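Breakdown of the fold
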Amino acid sequence: MAYSIIYNGSDEKQTHKEVFGKTMVELADADPDVICLDADLMNSSGLVKFAASHPMRAINCGIQEANMIGVAAGLSAVGKKPYAHSFGPFASRRCFDQVFLSVAYSQNSVRIIGSDAGVTAAYNGGTHMPFEDMALMRAVPGSTVIDITDAVMLRAILKSVKDRPGLTYIRSTRKSFKAVFGEGSEFEIGKGILLRDGKDAAVIASGLLVGEAMQAAEVLEKEGISLRVVNMFTVKPLDQELVIKCAQETGAIVVAENHNVIGGLCSAVADVIVRTCPIPMEFVGVNDEFGEVGPQDYLMQRFGLTAAAIVEKVKAVLGRKRTE
């Protein structure tokens, strides 16, 4: 695993949609077994150029996500390497039975990309706002669940899972996040990344909340609080060794994710902590609610998915650390 950290608070210059489309063309150019399936969203997902360059390997399944997963499973069964995309809620909950049975139970290998995860669905509103997709996919035996940090990671992960067996679920956005990693970075699935060291508490974050966690660490540093920031981009399999190390060395953990606090990264980390080294914990995530319509910055405030919320939770967990 070789990566460089370039975080300075700036937004990415490339959208995940652009990187997804370009990377899939490169993968198909190099491997004749790569096939892309989409649920009538090729313009939205960035796969238009893929369809133009590889028309026989671009399948628009229409607004029939369950059928799309069935087709993808069949392609895997005959030796192909399918990547199937739809918006997060439709790539997970709408077709969950097909994912469970046709892909995982039948031991097929399908890479599912759920875009516009959590509040990044923005104006598409509550029906399109997946706060439960990681919980669903984590529950599937043998699954891999990844919450993308930035476009550099998206490109690397799309390439690294091409030959990965079983069900792989990748959640991302079509827009952009904060730039965290330098071009050419590579990542090991199942291994978290220490972005910033600290001794007072640790924030374990994924996806959209990684940039917020880094910003929170800068705010807290000015107040004399040393905050460790870990990017846990692989929610399953979780890097349990790193979680335990953070717990033992800092004695306080905050978990931050653009997802319901039930069933996602918060639950995964808490399960490890409660079984191995119980310490004070706090969560930054959606508290058992449905999504709603609005711009992303408003929704982040509305659901408490901000650097300010992380700062507040860090102070709360430090208070508990001193008294427990």
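Residues numbered from 1 in each chain as written. Predicted model: local features only at pLDDT ≥ 70, side-chain atom pairs only at ≥ 80, totals over all residues. Heavy atoms only, no water.

Our next topic: the packing of aromatic side chains. One pass over the structure, following the stated rule, counts six aromatic pairs. Between F96 and F100, the ring centres sit 6.1 Å apart and the planes meet at 55 degrees, which makes this aromatic pair tilted. With F96 and F100 both in helix α6 (residues 96-105), this residue pair falls four residues apart, about one helical turn. The exposure class of F96 is partly exposed, given its relative accessible area of 22%. Judged by centre distance (5.9 Å) and plane angle (65 degrees), the rings of F187 and F233 are edge-to-face. Of this pair, F187 sits in the loop between β6 (167-171) and β7 (193-196) while F233 sits in the loop between β9 (227-231) and β10 (234-236); the two residues are 46 residues apart in sequence, bridging distant segments of the chain. Put simply, the rings of Y3, F181, F187 and F233 touch in pairs and so form one group of aromatic residues. Against the face of Y83 rests R111, its NZ or CZ located 5.5 Å from the ring centre. (Phe/Tyr/Trp six-rings, centres within 6.5 Å; stacked < 30°, edge-to-face > 60°. Helix = DSSP H or I, 4+ residues; strand = E, 2+ residues; numbered from the N terminus. Buried < 20%, exposed > 50% of the residue type's maximum accessible area, 1.4 Å probe, protein only. Lys NZ or Arg CZ within 6 Å of the ring centre and 35° of its normal.)

Right, let's get into helix α10 (residues 240-250). Turning to α10, its buried residues are L242, V243, C246, A247 and T250. Taken end-on, α10 shows its buried residues confined to a sector of 140 degrees, consistent with a single buried face. Away from its buried face, by an angle of more than 90 degrees, α10 presents the exposed residues E241 and Q248. Against β7, β8 (201-205), β9, β11 (253-260), α11 (265-276) and α13 (307-323) lie the buried residues of α10. Looking at the residues trailing α10, positive phi occurs at G251, about 75 degrees. (Arc of directions from axis to C-beta. Contact = heavy atoms within 4.5 Å.)

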